2 protein chains.
Amino acid sequence: MQNAFCKKPLWEASIALADVAMGRAPAELVIRDARLVNVCTREIVEHTDVAVAEGRVALVGDAAHCVGESTTVIEANGAYIAPGFLDGHMHIESSMMTVGNYARAVVPHGTVGVYADPHEICNVFGKKGVELLIEDSLRAPLKAMVTVPSCVPAVPGFEDAGAEITSADVREMMAWERVVGLGEMMNFPGVFMGDAEVHAKIAETLQAGKCPTGHFSMPDGGNMLQAYIASGVRCCHESTTARDALAKMRMGMYAMLREGSAWHDLHEASGALKEINDSRYCVLISDDTHPDTLLELGHMDHILRRAVAEGIDPISALQMVTVNCAQCFGMDGELGSIAPGKCADIVFFEGELSDFRVAKVLIDGELVAENGCLINLIEDFNYPDWARESMKLSPVTARSFGVAAPAGQSGSVKARVIEVIPNRVANIERFFELAVQDGQVQADAARDVQKAFVFERHNQTGTVGFGFIAGFGIRRGAVAQTVAHDAHNLLVAGVSDGDMALAANTLIACGGGLCVALDGQVLALVPLPVAGLISACGAQELSGQVKALDAAWKALGCGINSPYMTFALTSLACLPALRITNRGLVDCRTFEMVGLFLAD
Amino acid sequence: MQNAFCKKPLWEASIALADVAMGRAPAELVIRDARLVNVCTREIVEHTDVAVAEGRVALVGDAAHCVGESTTVIEANGAYIAPGFLDGHMHIESSMMTVGNYARAVVPHGTVGVYADPHEICNVFGKKGVELLIEDSLRAPLKAMVTVPSCVPAVPGFEDAGAEITSADVREMMAWERVVGLGEMMNFPGVFMGDAEVHAKIAETLQAGKCPTGHFSMPDGGNMLQAYIASGVRCCHESTTARDALAKMRMGMYAMLREGSAWHDLHEASGALKEINDSRYCVLISDDTHPDTLLELGHMDHILRRAVAEGIDPISALQMVTVNCAQCFGMDGELGSIAPGKCADIVFFEGELSDFRVAKVLIDGELVAENGCLINLIEDFNYPDWARESMKLSPVTARSFGVAAPAGQSGSVKARVIEVIPNRVANIERFFELAVQDGQVQADAARDVQKAFVFERHNQTGTVGFGFIAGFGIRRGAVAQTVAHDAHNLLVAGVSDGDMALAANTLIACGGGLCVALDGQVLALVPLPVAGLISACGAQELSGQVKALDAAWKALGCGINSPYMTFALTSLACLPALRITNRGLVDCRTFEMVGLFLAD
């Protein structure tokens, strides 16, 4: 299974590697005189050569005898080299880029492999969506190791996604050669409550010899966490406290410490490492990185710098993005170290190790990036037409955004309102007295209360959920987006019914994306035509579009950073406290549908 | 695959484990108030309970809510507990015991699993021999995880074993559920020279997702070791120096440091650990332990004590027989730590941790040993009749041991002689001028030169190799044994042709074993009726027999410790310098058959 990600399976390369190591045949490539960061023994080994053939390391040590006329020699001149970085948990779609564009952005930063859970596109297109991402990934040097989305839809019974993944689907997909595990099992209550279908998904993964990955987001999991780990789930990236990360590592679960664009867990969670004497069960991951972060800060190289800033020594930090991650997925025979037989996935640093300034990147023995740029063009994958036709919705009108007051109610009505907390995942359930005019409940810009609508866009069910949100500061206009976790229906909010209709129709027309409208004008638009999630643009252009979007949100009165991300969680019905889906309001503490209005 | 060694696959147990962890169902067993040696984080965790169900750990922490009326509670009262010990490389046959008797001897010492390479019995009976050992193992609580013998015969073309294992056999056997890898690939020259059939055996193992294990015995392997590791061989137990063990760990190969009955590598090789900062690639193994060692010193508990005596801290040492070993074999999801979901294989210590005094042993959640004894009887496996009929030889006579002088040679002749070095694996090629009487070359007791004969005993080829050995101090009588690595033909030596015939015929009559004869009497006999390798007796009785054998060797004049072991290597044609097989003398430096006599 693992060999799908290498130039050639080891068993087809081993004789050639022996020939090179023994000097019977020249290496294809020799790196001369490097400072090897040995992640197996956690030490620096000076004056090390590396000989490469067939995409793999043939020899580590003195490679003078491996150099022939045809050998490419890279003089390291004492520069540090380390295994290429692995991102142990992320979603490529969350970058809003194609795999090709994502690879262009991250490979120059030293990332050679990602463990990708394509559950965003899977919520839209099901298995076919996962296949699309895989096909896209085949053109890029980046190793996209796929985990099968485990929770599609995220909260069954409370929303309508474009597809459903059953345990039978998991069984089928485990046989795909690019699949290395099960994606984050977010239904942790299903695990600790003993739900048969949930356990069946993990079972199919274990029986296939692949890695069930986790998502357990209660900070003091106690017995629930114990039950969750006992199911065979091998890792979890949801630790926000040192205590929680410590509990996981002590139970032999890989604690994947997250430091992405949106969630910064490293400062708190890395405290766990001060308590223990062995960090092999610790991994650093992104989950996720957006284009602007990639451009401004980097990818795993940035996370490594953050780890060092938190007091983790540089070599241990490197272990956390190489050998530890490979061991988590049972792929350490292929990836995660610079050693004979392993894939020649190697980064060169310039300057001090602790700066993690990536100068060169080799994948499968090929120099793929240098000085921050990819060397070879990646052929773009042409997503098929059907992948650009995910907006199965007819245009709406201003009248579509009317909220009828309960029969007989006039003057005002007491409504249940979702109040967001800037830059936090959780939100708060509030109650507002809202004005009723002509039988319609009104938004209240003065008190920062907007209407919010979720239109099912996948299967033409015609279902629409609606309610009110607060806390974004939107005083005028409207916003809309199809990035709306996890079902990715069309999410619209605002204080102007006309602008809401304009923003929604703009996205219906362009195949989805992110939009801001004001006074009958589209202020900003990030088109995401593939599945309503993925742009055709690269990081630079996309980052510009997102900045324009941020500015447009600001023009509406919103002061939150990256508000589209917080907005996108408004519909994620597995996070506390109150969410809105195409079926209506969900109390995510009790998992019940709740009414919008309260009787006095 | 791994689940063959557990009471129940995790995917069949996970819901029951969740029920117990959550307190919805009582645990079958709860260990209360232990000091947990946490091998995941290398620390001691005080006041820890462990709840067990379905043979697996359901919870580690506070298990008060898991105790019901039906729950067995073991009060640890602050005693240390640790994961059960794994022996990462050994051969059960080398204990001369059945798997049942071996388990009786080692389990009370804390050993819960062994990675067994059954290449001794495989040399006699081929695949059927391996199947026999597996069938025997099914009755014992010990987890016998089998690696497919990779080198049967050990030195093709220079000896005749009872069977041959090809790459096609390896492919077939990799599908067996008890098989976890490929046995020690002793043909390391075949690997670094690029032999296709040798690489094919490793390839079959890798394609099956199992673990190729190694044996690379050149202390400064250089490029040869690099080529060997590049093949995918994952571990090696042949490091006798710190430098060699260090080279292996630096290249991501598990260095299995050996401390068995015969070879004591720990003192030298453990020096490697002082050079590095991460010992995850270090494993402690026995390869092998004989009955008297088991009785007098112990098994892995003894090796742990030796490790601590060499300066390794006790928790790191425990990692080397638990989690590190399990990770080597890709079985850390099942074995090697006390964590939710893992097999409940647990040892209790009494007293200080660094004494490793094992008080209780649990395997799959069952208390199987206490105070040095197994708790339940193991049903003996009845080896079939054919397994007791491996001596396919007709009786010999004193005349069978004549060594004809070269035609026309009288007086004396210059002979090539194997001189053993006590307690060392290597030997020396010597040349002696030996007397000729009546056309027959004579042994020379005064100069410590004996005749040595190897009779093929498996396939009635009638082939006999012969020559002379020195260094054993045998001044009279004869010795014979069917433990004669690796082909296990009938090996006979002595200075009396009559006693040689008596010793040989005694073994032919009893189905094989170890024998000493003097002046027409059998002085000592260790019958090994199964395959000529395995006794029907347990450790206690067998140890008594072996001590009597040692005494008998002494009576012949031999001053070497455990001489039968050194003698058994006389025929192992992959060790330097000179060996004798059923085909004659082999120069093991050049791999050539060589003549017994030298022209002047």
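Keep in mind it's a predicted model, so treat the numbers as computed, not measured.

Rules and cut-offs
Residues numbered from 1 in each chain as written. Chains lettered and ligands numbered in written order. Predicted model: local features only at pLDDT ≥ 70, side-chain atom pairs only at ≥ 80, totals over all residues. Heavy atoms only, no water. Helix = DSSP H or I, 4+ residues; strand = E, 2+ residues; numbered from the N terminus. Rg over C-alpha atoms; globule rule 2.2 N^0.38 Å. Buried < 20%, exposed > 50% of the residue type's maximum accessible area, 1.4 Å probe, protein only. Contact = heavy atoms within 4.5 Å. Areas by Shrake-Rupley, 256 points an atom, 1.4 Å probe, with all protein chains shown as cover. Least-squares fit on C-alpha atoms with pLDDT ≥ 70 in both. Pairing = 2+ DSSP bridges. Buried area = accessible area lost by both parts, 1.4 Å probe. Salt bridge = Lys/Arg side-chain N within 4 Å of Asp/Glu carboxyl O. Polar contact = N/O pair within 3.5 Å; in protein donor to acceptor, adjacent residues only side chain to side chain. Nonpolar A, V, L, I, M, F, W, Y, C, P; charged D, E, K, R; others polar. Axes fitted to C-alpha atoms, helices over the stretch in contact; angles between N-to-C directions. Left-handed = near helix turned anticlockwise from the far one by under 90°.

Draft legend 1. Highlighting the overall build of chain A. Counting secondary structure elements, chain A contains 17 helices and 30 strands. In terms of C-alpha radius of gyration, chain A reaches 25 Å, essentially the compact-globule figure of 25 Å for 600 residues. Its C-alpha atoms give chain A principal-axis dimensions of roughly 90 × 50 × 45 Å. Relative to its full complement of 600 residues, chain A shows a buried share of 65%. Expressed as a percentage of contacts within chain A between residues at least 6 apart in sequence, the contacts between residues at least 24 apart total 68%. By element, 49% of the accessible surface of chain A is carried by carbon and sulfur atoms, the whole surface being about 19,000 Å².

Draft legend 2. Representation of the relation of the copies chain A and chain B within the structure. Rotating chain A by 180 degrees about the axis while translating it 0.0 Å along that axis superimposes it on chain B, leaving an RMSD of 0.1 Å. The transformation relating the two chain copies, once decomposed into turn and shift, fits a two-fold axis. Minimal C-alpha distance to the rotation axis in chain A is attained by G330 of chain A, lying at 3.3 Å. The overlap is high: 100% of the interface residues of chain A also sit at the interface in chain B, so the same surface is used on both sides.

Draft legend 3. Structural detail: the sheet that holds strand 13 (residues 282-285) of chain A. Taken in spatial order, the eight strands make up an open sheet running 6-7-8-9-10-11-12-13 (chain A), and their pairing is parallel. Taken across any chain shown, the strands that pair with only one partner, and hence form the sheet edges, are strand 6 (85-90) and strand 13 of chain A.

Draft legend 4. Highlighting the interface of chain A and chain B. Facing 60 residues of chain A, the contacting portion of chain B comprises 60 residues. The contact between chain A and chain B buries some 4,900 Å² in all, and 53% of this surface belongs to carbon and sulfur atoms. A per-residue breakdown of the area chain A buries against chain B is headed by W11, R250 and R280 of chain A, which together make up 13% of the total. For the pair chain A and chain B, the interface holds six salt bridges. In this structure, the connection of chain A to chain B is made through 26 residue pairs in polar contact (both at pLDDT 80 or more). A total of seven residues in the side of chain A that touches chain B trace back to one element, the largest contributor, which is helix 1 (residues 10-21) of chain A. Its residues placed into classes, the side of chain A that touches chain B shows 31 nonpolar, 19 polar and ten charged.

Draft legend 5. Examining helix 2 (residues 99-106) of chain A more closely. Residue and element names in this part refer to chain A. Across the eight residues that make up helix 2, a large majority, seven, are buried. All buried positions along helix 2 are accounted for by V99, G100, N101, Y102, A103, A105 and V106. Close packing links the buried residues of helix 2 with strand 6, strand 7 (111-116), helix 4 (127-137), helix 11 (291-296) and helix 16 (539-556).

Draft legend 6. Quick peek at the pattern of salt bridges. Going through the model one piece at a time under the given rule, you end up with 70 salt bridges over all chains. A salt bridge links R42 of chain A to D278 of chain B, with the shortest nitrogen-to-oxygen separation between them at 3.7 Å. Highlighted residues: R42 of chain A in the loop between strand 1 (29-38) and strand 2 (43-53) and D278 of chain B in the loop between helix 10 (266-269) and strand 13 (282-285), drawn from two different chains. You can call D278 of chain B buried: its relative accessible area is 2%. Salt-bridge contacts for R32 of chain B lead to E75 of chain B; the nearest nitrogen and oxygen are separated by 2.7 Å. Of the two residues, R32 of chain B sits in strand 1 (residues 29-38) while E75 of chain B sits in strand 4 (residues 72-75), which places them 43 residues apart along the sequence.

Draft legend 7. Highlighting the packing of helix 1 of chain A against helix 7 (residues 196-207) of chain B. Orientation of helix 1 of chain A relative to helix 7 of chain B, taken along the N-to-C sense of each, is 145 degrees, at an axis distance of 9 Å. Helix 7 of chain B is crossed by helix 1 of chain A, and the crossing has right-handed handedness. Residues L10, W11, S14, I15 and A18 of chain A of helix 1 of chain A form the contact with helix 7 of chain B, whose participating residues are A196, H199, A203, L206 and Q207 of chain B. Across the contact of helix 1 of chain A with helix 7 of chain B, the residue classes tally to seven nonpolar, three polar and no charged.

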